[in-house]
Amino acid sequence: MNSASIMFMGTPEFALPSLEALHFSSHRVGAVVTPPDRPQGRGLQVSYSPVKKFALKAGIKVLQPVTLKDPEFWQELKKISPDLIVTVAYGKILPTALLEFPPLGCINLHASLLPAYRGAAPIHRAIMDGETLTGVTVIKMTDQLDAGEILMQESEQILIEDTAGSLHDRLAVKGSRLLLQVVEA
């Protein structure tokens, strides 16, 4: 594939390796979409999501719509006109109109071997269930949660000494590599 224009949608640390991989690839990340800033902690200090912090440092446009149906968001989306939308731990279900907008569609990186552990907290759930194998999956998104066509998967052993944190970190890196392979393909 030649260079694609990408809109990246994500929020937490898990999404960072994927955003970095896309940003430093031959593709262009035209914008990052992340939820609005919220007060956190004891002092209720407003803090940025990890994805927003990286985007600001990298000079990538940041959009923070309250709702994905917001007319201002759609005006920006049309200006950016991405070939592809990539989501990684974004935290919201995309409306059908958004799924149908980019010519190459929308893809999602999920931290499990789908269809296992669809939805939130797949890493924690795999460990709590005593699994010895998990992985990452890139799917073509549909209007159903984590139910689209599986484009690529890669497994990862869950080690006896693993915590959710250590497994999270390995899956985030493995997922970023897999996601970039899918975008390249």
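What you see is a predicted model, and the numbers here were worked out from it, not measured in a lab. (Residues numbered from 1 in each chain as written. Predicted model: local features only at pLDDT ≥ 70, side-chain atom pairs only at ≥ 80, totals over all residues. Heavy atoms only, no water.)

Colleague: Can you help me understand the packing of helix H1 (residues 16-23) against helix H6 (residues 164-184) in this one?
Modeller: When two helices pack together, their arrangement is given by the angle between the helix axes and the distance between those axes. Contact geometry for H1 and H6: axes closest at 8 Å, N-to-C directions at 40 degrees. Pair H1 / H6 crosses with right-handed handedness. Together, Pro17, Ser18, Ala21 and Leu22 of H1 and Ala172, Val173, Gly175, Ser176, Leu179, Leu180 and Val183 of H6 make up the contact between the two elements. Here the residues of the contact of H1 with H6 are counted per class, giving 8 nonpolar, 3 polar and no charged. (Axes fitted to C-alpha atoms, helices over the stretch in contact; angles between N-to-C directions. Helix = DSSP H or I, 4+ residues; strand = E, 2+ residues; numbered from the N terminus. Left-handed = near helix turned anticlockwise from the far one by under 90°. Contact = heavy atoms within 4.5 Å. Nonpolar A, V, L, I, M, F, W, Y, C, P; charged D, E, K, R; others polar.)

Colleague: Explanation requested: the layout of surface pockets in the structure shown.
Modeller: Rolling a probe over the atoms, with the probe sized like a water molecule, indicates the empty space that remains. The space that makes up the largest pocket amounts to roughly 620 Å³. If you go around the largest pocket, you meet 33 residues; those closest to its centre are Ala89, Tyr90, Gly91, His110 and Gly119. Looking at the lining of the largest pocket residue by residue, the class counts come to 18 nonpolar, 12 polar and 3 charged. Each pocket or cavity is described by its volume, and for the second largest pocket that value is around 160 Å³. Along its surface, the second largest pocket is lined by Thr11, Thr34, Pro35, Pro36, Asp37, Arg38, Gln40, Ser47, Tyr48, Ser49, Pro50 and Gln64. Along the lines of polarity and charge, the residues of the lining of the second largest pocket split into 4 nonpolar, 6 polar and 2 charged. (1 Å grid on protein atoms, 1.4 Å probe; cavity = no way out; pocket = protein on both sides within 12 Å on 5 of 7 lines; lining within 4 Å. Points joined across faces, edges and corners; volume = space filled by probe spheres on them.)

Colleague: Got a minute to help me understand the sheet that holds strand E8 (residues 133-140) in this structure?
Modeller: Adjacent strands of a sheet pair through backbone hydrogen bonds, lying either parallel or antiparallel. If you walk across this open sheet you meet the 7 strands as E5-E2-E1-E6-E7-E8-E9, and the pairing is mixed. The open sheet has two free edges, formed respectively by strand E5 (62-63) and strand E9 (150-157), since each of these has just one partner strand. In this sheet, E5 lies alongside strand E2 (residues 28-33) in parallel orientation, the contact comprising 2 bridges. Looking at the pairing, Val32 lines up with Val62 of E5. (Pairing = 2+ DSSP bridges.)

Colleague: How should the packing of H1 against helix H2 (residues 50-58) be read in this particular structure?
Modeller: Put simply, H1 and H2 touch, their axes get as near as 10 Å, and they point 25 degrees apart. With respect to their mutual orientation, H1 and H2 come out roughly parallel. Judged by the twist between their axes, the crossing of H1 over H2 is right-handed. Together, Leu16, Leu19, Glu20 and His23 of H1 and Pro50, Val51, Phe54 and Ala58 of H2 make up the contact between the two elements. The class makeup of the residues in the contact of H1 with H2 is 6 nonpolar, 1 polar and 1 charged. (Parallel < 35°, antiparallel > 145°, perpendicular 65-115°, else oblique.)

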